[in-house]
Amino acid sequence: MGLWDAMLRTKVEGKIGSDSLQGNVDSVVFFRDRCGRMAGHKIAHATLKGPSVVKEILIGITLGLAVGSVWKMHHWNEQRKVRAFYDLLEKGEISVVAEE
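Summarised in this report is the structure supplied together with it.

The rules behind these values
- Residues numbered from 1 in each chain as written.
- Predicted model: local features only at pLDDT ≥ 70, side-chain atom pairs only at ≥ 80, totals over all residues.
- Heavy atoms only, no water.
- Helix = DSSP H or I, 4+ residues; strand = E, 2+ residues; numbered from the N terminus.
- Expected span 1.5 Å × (residues − 1).
- Salt bridge = Lys/Arg side-chain N within 4 Å of Asp/Glu carboxyl O.
- Buried < 20%, exposed > 50% of the residue type's maximum accessible area, 1.4 Å probe, protein only.
- Phe/Tyr/Trp six-rings, centres within 6.5 Å; stacked < 30°, edge-to-face > 60°.

### Observations concerning helix α4 (residues 53-91)
Next up, step 1: Given a rise of 1.5 Å per residue, 39 residues ought to cover 57 Å, and the 56 Å separating the end C-alpha atoms of α4 matches this to within 8%.
Next up, step 2: Just downstream of α4, glycine 92 is the residue with a positive phi angle, here 85 degrees.

### Some words on the pattern of salt bridges
Next up, step 1: If you walk through the whole model with that rule in mind, you get 1 salt bridge.
Next up, step 2: The salt bridge involving glutamate 78 is made with lysine 81; its shortest N-O contact spans 3.7 Å. With glutamate 78 and lysine 81 both in helix α4, this residue pair falls 3 residues apart, about one helical turn.
Next up, step 3: Its relative accessible area of 44% is what places lysine 81 among the partly exposed residues.

### Considerations on the packing of aromatic side chains
Next up, step 1: A complete count under the given rule lists 1 aromatic pair for this structure.
Next up, step 2: Judged by centre distance (5.3 Å) and plane angle (75 degrees), the ring pair of phenylalanine 85 and tyrosine 86 falls under edge-to-face.

Here is the structure:
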């Protein structure tokens, strides 16, 4: 047991102070990787992963299609309003000249 292990063990024993929990603490404290270093940090970061390029591309395509569809429907609606206005103007039902 090295100096670091002894210091860490003393810190953990001082914090817990219970003999019933000591067996569990030893199994966590003395978990080591192949090089003999403490491997606790590897367990904590095992769930963190980098971005998935394929997933981001698919999300981008999906969002692009959704927003593009909404934008296109907005323009179709505006175009319908303009056509309706000019149809009414041609039929003489409305006028752009103010009546006196």
